[in-house]
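# Structural overview for review
Chain residues, written in single-letter form:
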Amino acid sequence: MQWMALGNMWFALIIPAIIVLYLLKRKVEDRVVPSTLLWQRTLQNWEAVRPWEKLRRNLLLFLQVLAAVLLVLALLRPAVSTDGVTTDHTVLVIENAGSMQTREGEQTRLEKAMTAASGLVEKLGNGQTITLIEAGREPKVLLSKSSDQQQLLEAIKHLSPSYGSADTGAALSLAGAIAANETGSGVIWMGDGAADRTVELNAAAYPDHFRFMQMGMTRENTAIGAFVTQTGTNGVNGLVRIDNHGSRVAKGNVTIYDQDEKLLDTDSFSVDPGASRTITWDQLTAAPVYQAVIESQQDGLSSDNEAWSVPFTTGVGKAALVSPTGNRFLHQALQTVGSMEVENMQQLPEKKGEARDVWVFDGVVPDRLPDGNVLLIAPERAVDWLPYEGKRELDEQPKALTTDDSLLRYVDWRDVHVAKSAVLGDMPGMKTLVQAGSTDLVQAGTINGRRVVIVVFDLHDSDLPLRPAFPIFMQNVITWLAPTQAAPIGPAYPGEVLSVPLSPGATKRMLTNPDGQQQSIQATGTSWMLTVPDRTGLYRVDETLDSGQKSRYFAVQMKETESDITPKTIRLGTNGEAQQGEGNQQTANAAGSRELMTWLAALALLAMFVEWRVYQRGY
């Protein structure tokens, strides 16, 4: 039995007040009667000194006290514990994040939540409905106000494990908003409370009926926090960081494999509670990708026991400088900045040749954008993709419109002077970075899937090549235009969007999942926006080029925050405060309860009606 409003206990004073009224003697008036014999006993009472009398049996007194007791109990809001839903409409939220894949005995936490949710659905009463929400990276309403038990059970059954993070704040806000729109609604949350709470909990508008059902028990977990490899002079160097999130010393082995799961090296580790340990290797056998696997004696979550690493290598890109008259400033800048092999051309090749990572056009505009990213300097004519409008003399100095753009980092335009420049019309996808008055001097953005930077003035009409800003600006431009396709892709996390750089000129591209399934990559330009599948493992991107097939790898892994599986509790008080506690599984709103206030109030009303009838009949 629970008492939801003990603060109303002072209403119990009405009970002794009623009894006192029956103890006090009645005041009577003196009247002349024919005989005092029949009133002798009454006279004795009148003549008594004490103001009260002995309490007598009185039906009215009993009924009035009974009604008062029932009213006081109703005000105290007693409740009894129950395993089922207690409200007419229940918003049932099931947390689905990487930490929910932790094993608790024979089941994972997610499986425990699904079993518990199915139990609630099976106990659903007449007229009761459930709105089912999956709290993943984005909250999803799977069913709204459904009383169909079979439909609800099927929806719960088809929940699939997620290895990403859950946006708990968004799910709480959604559940609270749904419950607040209908009287008699409550929220039941099933999870471990260990998700990344990027949004501050706001319980100000939350319903009183909030119940958190803890699905987690254990906190012992050992995880690979980081795994990196880099090509050195004598081979490949590797580093593995092992994190112990538990409360006991973790011991085990760590093993390194290549892409064919061939064992390369192994070592043992011992990590104190709450600490980390780093293990390094100096000379690993060369491989395109490496896998690290740990086997720990105490481990609750197996999904973070594997990690992959693609060795970081400095790629050499290919650039083509197309300049009919030649430009030694550009040639020297391209030779000195970045790692680029620069090829000089006076005009575009008539036939499609080998693709380049970056095309630099100086004083010439191609009819169509070539395969690869583009730096265009001093355009002199209009084409389909370039709205050239003429030239203009400039009287004002260039001014950077933003300081936080990577293209303008450390570039000082205050000492730069430009005599004249081209004028371009509006170009969707392009952003102006530098202006002189109302004339756009530098624009950058994306056209037809390619990164494009346009410098509208001729370098010979300015003193920019003579300023310290020029090599810095060129370094920034080349770095942005050539995102080193040879560099590793990633990191990638389930459910998030990953930008995959594509090699220019590829005729066919395929993505191979960890289970071997393949999908064709339908993308143009030099990058592909991929919504990362909700499956951890090693992915491979295959591209068919004129020079042969090129394969690159990237790994999809859980975030480090999911490895901390310590159960936490979500507490939402009814006083408008959201509180979060750790390690306490028995909380004020942890158990379900059904209030008896309505029944007690009805009984009190019935008692008062009976008392009124008794009084009317003179019993």
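A quick note: this is a predicted structure, and the numbers were derived from the prediction, not measured. (Residues numbered from 1 in each chain as written. Predicted model: local features only at pLDDT ≥ 70, side-chain atom pairs only at ≥ 80, totals over all residues. Heavy atoms only, no water.)

This next bit is on the sheet that holds strand E16 (residues 306–309). Strands pair in a sheet through their backbones, by hydrogen bonds, and they do so in one of two ways: parallel or antiparallel. Read from one edge of the open sheet, four strands run E13-E12-E15-E16, paired in antiparallel fashion. Edge positions in the sheet fall to strand E13 (263–271) and E16, since each has one partner strand and no second. When the angles between neighbouring strand axes are averaged without regard to direction, this sheet yields 20°. Of the strand pairs in this sheet, strand E15 (residues 290–296) and E16 are connected by four bridges, and their pairing is antiparallel. In the strand pairing of E16, Tyr-290 is matched with Ser-309. (Pairing = 2+ DSSP bridges. Helix = DSSP H or I, 4+ residues; strand = E, 2+ residues; numbered from the N terminus. Axes fitted to C-alpha atoms, helices over the stretch in contact; angles between N-to-C directions.)

The next subject is the UniProt feature "transmembrane region" (unreviewed entry) in the chain. The feature "transmembrane region" (unreviewed entry), as annotated in UniProt, sits at residues 6–24 and 59–76 in this numbering. Between the end C-alpha atoms of residues 59–76 there is a gap of 26 Å, over a span that is 94% helix and 0% strand. (UniProt positions renumbered as here; feature names shortened; annotations may be inferred.)

A few words on the pairing of strand E25 (residues 439–447). Where burial is concerned, most of E25 is hidden: seven out of the nine residues are buried. Here strand E24 (residues 430–436) pairs with E25 via six bridges, running antiparallel. Across the sheet, residue Met-430 finds its bridge partner in E25, namely Gly-445. Hairpin connection of E24 to E25: two residues between the antiparallel strands, including Gly-437 at a positive phi of 65°. Across six bridges, the pairing between E25 and strand E26 (residues 450–455) is antiparallel. Looking at E26, one finds that Thr-446 is bridged to Arg-451. Adjacent in sequence and paired antiparallel, E25 and E26 are bridged by two residues, among which Asn-448 carries a positive phi angle near 55°. (Buried < 20%, exposed > 50% of the residue type's maximum accessible area, 1.4 Å probe, protein only.)

Bringing the pattern of salt bridges into the picture now. In the structure shown here, the tally under the stated rule is 16 salt bridges. Arg-109 is the partner of Asp-192 in a salt bridge, and the nearest nitrogen-oxygen pair spans 2.8 Å. Of the two residues, Asp-192 sits in the loop between strand E8 (185–191) and strand E9 (210–214) while Arg-109 sits in helix H4 (residues 109–122), which places them 83 residues apart along the sequence. By the burial criterion, Asp-192 is buried, and Arg-109 matches it. (Salt bridge = Lys/Arg side-chain N within 4 Å of Asp/Glu carboxyl O.)

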